[in-house]
Amino acid sequence: MSEDRVRSALRQVPLPDETGAAERAWRTVDAAFEARERILWKRRRRGPLVALVAAGAIVLAALTPPGMAVVDRFRDAVGREPSQPALVKLPAPGRLLVVSPEGPWVVHEDGSKRLLGDYEDASWSSRGLFVVATRGRQLVALDSESGEPRWSLSRTEPVRDARWSGGGLDTRIAYRAGDTLHIVAGDGSPDAVVADDVAPIAPAWKADSHMLAYADAAGRVHVVDADTRRQLWRTQTVKGVRELAFSGNRLAVSTSTRVIVFRRGNPTPFLHLPRGHVLLDTAILNFGGVLYADYDPQNDATALFRSDCTIAGACLLMPDTRMFEGPGRISNLVTSPDREWITAGWPAADQFLFFESAPRRLGKVDAVSNVTAEFSPGGDAGGVFPEITGWAPPSP
Amino acid sequence: MRAAQAGSASELEALFRHHWAGAYRAAYLVVHDAAAAEDIAQEAFLSAIRAFDTFDRRRPFGPWLHRIVVNRAIDWARARALRREVGGEQLAETPARPEPLPDDLNTETMSALAALSPDHRAVVVLRYVLDYSPGEIANLLELPRGTVNSRLRRGLDALQERVTRETS
């Protein structure tokens, strides 16, 4: 018996729908290639600034910030560093978009921040070159570095949940105006209505594609081709849809208690919380793993769990890794561009948390305190806790 | 590769056509799930595109792609093995796309592979499907050379036993 025979046997195993798989993958790859934005890397002289900021951080870290005592209980278990009293740097390359009552802020890797203006909500463009913001009945596209408006449009109904897709010249923004779902090209025109009577949740784009998912008021989730408005598939009714997110070809639909994964309309249960618990938020990690926030109202505490099972390999009812826990609600889970880090908002401790998404082990956890005051300078104590709405790649 | 990096769609398609079959087959033989294999191979190409602008042109594309495919396939297969998959919960399941009925040799080959761990399957696939040497596999998977050799030996023994039984 030779190795050649084994080689031959392995190469003769028939592959299911080999041609169809190749064509589907090629269409996706081709679309992604067309949509990509080429990144021009620039080296910047930031040494003196970094040194100054680092020195300041060391001095300030000697102080005891509010909320730190609460967090320290968990430090040994999860390898968390002492919390920082201010957001002096991000743990991974990129820029955060944080929305406070002052408006949306862009936070750079070195901790420097820019307020983009008086807007209520904001989200990144796919490559982070722009920010799409909303204010009342107005949708505005802003330059992410200068905050300068590029274009705007107004609707008769309040505008919410704008989400950007694509790159280069081939971009689209989906948004809700009242209960109507619109798509507008990245340059502000043309604008088209995709659906009426939609649910008040954000639509979701499949990465680097023209596929858009949204929920209607009855709880059915629809996936449409944004160019033709043609429905590709839809789900049956899912009670209490709160969040939609694509991972590869699969769509994760979250409710207040569970996550269901759909592939071309076929459902697979992925996660179901214990009775009485509330699913506050989810984030998809490297290769489809999931971090989720499990809130226990009886104890008024949130535990963050990581399921290393991927969206592509549906699973349920097995113990997941407890990453962190703390009093109150911890949510607002956002992944870094490389999906190596996840950030979370913890209002009870007035902290942002940063988790390292290390596979098969508990990763490092960094905490930053005093974030309410940091994003509302001059505001009253007891202000509104800011919301992290996205983490984009570094500035080109 | 250089032409594709420079933005040539036709060269990208040539690159894709050249590498797709191997990537899809490798993923399928490790995970034994057509839909997952398709996703894994597709995601590997998408990762490659995202990293195009920073890719070192002196490096060959194939090993880079295959490393992504095989590592993701191992992760998927491990997760699948560790977790219990459950059914409907009041949700109607639509039957999956029918898959070709394998002949006896293919059945034996797949069941012999299935009896191995994902890590062993990956080494076998890299060696006998993608034609990497044990040293190259050690580099790709960041394993000691001896570990690669022992996994190959075990995998080969298992496959030989089944395949010989079927073809004799």
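Further remarks concern the overall build of chain A. Helix and strand counts for chain A come out as six helices and 28 strands. Long-range pairs, those at least 24 residues apart, make up 44% of the contacts in chain A with a sequence separation of at least 6.

Before going further, it helps to spend a moment on the pairing of strand S6 (residues 138-143) of chain A. Residues and elements named next belong to chain A. Examined bridge by bridge, strand S5 (residues 130-135) and S6 share six bridges and lie antiparallel to one another. By the bridge assignment, Val132 is partnered in S6 with Ala141. Hairpin geometry of S5 and S6 is characterised by an intervening segment of two residues between the two adjacent antiparallel strands and by a positive phi of about 60° at Gly136. Where S6 meets strand S7 (residues 149-154), five bridges bridge the pair, whose relative direction is antiparallel. When the sheet's bridge partners are listed, Val140 is paired in S7 with Ser152. From the end of S6 to the start of S7, which pair antiparallel, there are five residues, and Gly147 there has a positive phi angle of about 80°.

Glancing now at the pairing of strand S10 (residues 180-185) of chain A. One face of the sheet, then the other: side chains in a regular strand alternate in exactly this way. Residues and elements named next belong to chain A. Here strand S9 (residues 170-177) pairs with S10 via six bridges, running antiparallel. Bridging from a neighbouring strand, Ala174 pairs with Ile183 of S10. Between S9 and the antiparallel strand that follows it, S10, lie two residues; Gly178 among them carries a positive phi value of about 65°. Across four bridges, the pairing between S10 and strand S11 (residues 191-195) is antiparallel.

What follows concerns the nonpolar core. Ranked by size, the top nonpolar core spans 151 residues in total, and within it Ala27(B), Ala41(B) and Val69(B) carry the most contacts. Tallying contributions element by element places helix H2 (residues 9-31) of chain B first for this core, with twelve residues. Taken domain by domain, the makeup of this core includes at least three residues from each of domain 1 (46-101 + 276-396) and domain 2 (116-241) of chain A. Residue contacts for Ala27(B): discarding those within four places in its chain leaves Ala37(B), Ile40(B), Ala41(B), Val69(B) and Ala73(B).

Right, let's talk about helix H1 (residues 3-12) of chain A for a bit. All names here are of chain A. Where H1 is concerned, the buried positions are Val6, Ala9 and Leu10. Projected onto a plane normal to the axis of H1, the buried residues spread over an arc of 95° and lie on a single side. Residues of H1 that are exposed and point over 90 degrees away from its buried face: Asp4 and Gln12.

What follows covers the environment of Ala392(A). With respect to the helices and strands, the residue Ala392(A) is situated in strand S28 (residues 387-392). For Ala392(A), a count of 22 C-beta atoms within 10 Å gives the class buried.

Now for unusual backbone geometry. Residue and element names in this part refer to chain A. Positive phi, close to 65°, is recorded for Arg229, a residue that is not glycine. Position of Arg229 among the secondary structure elements: in the loop between strand S14 (221-225) and strand S15 (231-234). Look at Arg229 and you get partly exposed, because 13 C-beta atoms sit within 10 Å. Within the chain, Asp300 stands out as a residue other than glycine whose phi angle is a positive 45°. In this structure, Asp300 sits in the loop between strand S21 (290-296) and strand S22 (301-307).

The next subject is helix H6 (residues 118-128) of chain B. Think of an α-helix as 3.6 residues a turn; residues three or four steps apart then line up on the same face. Taken across its eleven residues, H6(B) has nine buried, putting it largely inside the fold. Among the residues making up H6(B), those that are buried are Pro118(B), Arg121(B), Ala122(B), Val123(B), Val124(B), Val125(B), Leu126(B), Arg127(B) and Tyr128(B).

A few words now on the sheet that holds strand S17 (residues 250-254) of chain A. Residues and elements named next belong to chain A. Pairing is antiparallel in the open sheet, where four strands are placed in the order S16-S17-S18-S19. On the outer flanks of this sheet lie strand S16 (243-247) and strand S19 (266-272), each paired with one strand and no other. Geometrically, the sheet is characterised by an average inter-axis angle of 25° between neighbouring strands, direction not taken into account. By the bridge criterion, four bridges tie S17 to strand S18 (residues 258-263) in an arrangement that is antiparallel. When the sheet's bridge partners are listed, Ser254 is paired in S18 with Val259.

This paragraph deals with the packing of H2(B) against H6(B). Residue and element names in this part refer to chain B. Taken N-terminus to C-terminus, the directions of H2 and H6 make an angle of 150°; their axes are 9 Å apart at the nearest point. If you check the angle between H2 and H6, you find them roughly antiparallel. Pair H2 / H6 crosses with right-handed handedness. Between H2 and H6, the residues in contact are Ala26, Leu29 and Val30 and Pro118, Arg121, Ala122 and Val125, respectively.

This paragraph deals with the sheet that holds S5(A). What holds strands together in a sheet is hydrogen bonding between their backbones, with the strands either parallel or antiparallel. Residues and elements named next belong to chain A. In space, the four strands of this open sheet follow the order S4-S5-S6-S7, with antiparallel pairing throughout. At either margin of the open sheet sits one strand with a lone partner, and together these are strand S4 (121-124) and S7. Across this sheet, the average inter-strand angle for adjacent strands is 20°, counted without regard to direction.

A few words now on the packing of H6(B) against helix H7 (residues 134-141) of chain B. The axes of two packed helices give the description: the angle between them and the distance between them. Residue and element names in this part refer to chain B. Axis separation between H6 and H7 bottoms out at 10 Å; the angle between their running directions is 130°. The orientation of H6 with respect to H7, classified from their angle, is oblique. In this structure, the crossing between H6 and H7 has a hand that is right-handed. Of the residues in H7, those touching H6 at Ala122, Val123, Leu126 and Arg127 are Ile137, Leu140 and Leu141. Residues that form the contact of H6 with H7 fall into these classes: six nonpolar, no polar and one charged.

A few words now on the confidence of the model for chain B. Residue and element names in this part refer to chain B. The pLDDT averaged across chain B works out to 76; a share of 70% of its residues lies at or above 70. Of all helices and strands in chain B, the one with the weakest mean pLDDT is helix H1 (residues 2-5) (59), whereas H6 scores best (91). The model gives residues 83-102 a pLDDT under 50, and that stretch makes 26 contacts with residues more than four places away or in other chains.

Turning next to the confidence of the model for chain A. Of the residues in chain A, 82% reach a pLDDT of 70 or more, and the chain-wide mean stands at 80. Confidence over residues 37-80 of chain A falls short of pLDDT 50; this stretch has 58 contacts with residues more than four positions distant or in other chains.

About the thresholds
Residues numbered from 1 in each chain as written. Chains lettered and ligands numbered in written order. Predicted model: local features only at pLDDT ≥ 70, side-chain atom pairs only at ≥ 80, totals over all residues. Helix = DSSP H or I, 4+ residues; strand = E, 2+ residues; numbered from the N terminus. Contact = placed C-beta atoms within 7 Å. Pairing = 2+ DSSP bridges. Core = buried A, V, L, I, M, F, W, Y, C linked by C-beta atoms within 7 Å. Buried ≥ 20, exposed ≤ 12 C-beta atoms within 10 Å, placed from the backbone. Domains from an automatic or database assignment. Arc of directions from axis to C-beta. Axes fitted to C-alpha atoms, helices over the stretch in contact; angles between N-to-C directions. Parallel < 35°, antiparallel > 145°, perpendicular 65-115°, else oblique. Left-handed = near helix turned anticlockwise from the far one by under 90°. Nonpolar A, V, L, I, M, F, W, Y, C, P; charged D, E, K, R; others polar. pLDDT = per-residue confidence, 0-100.

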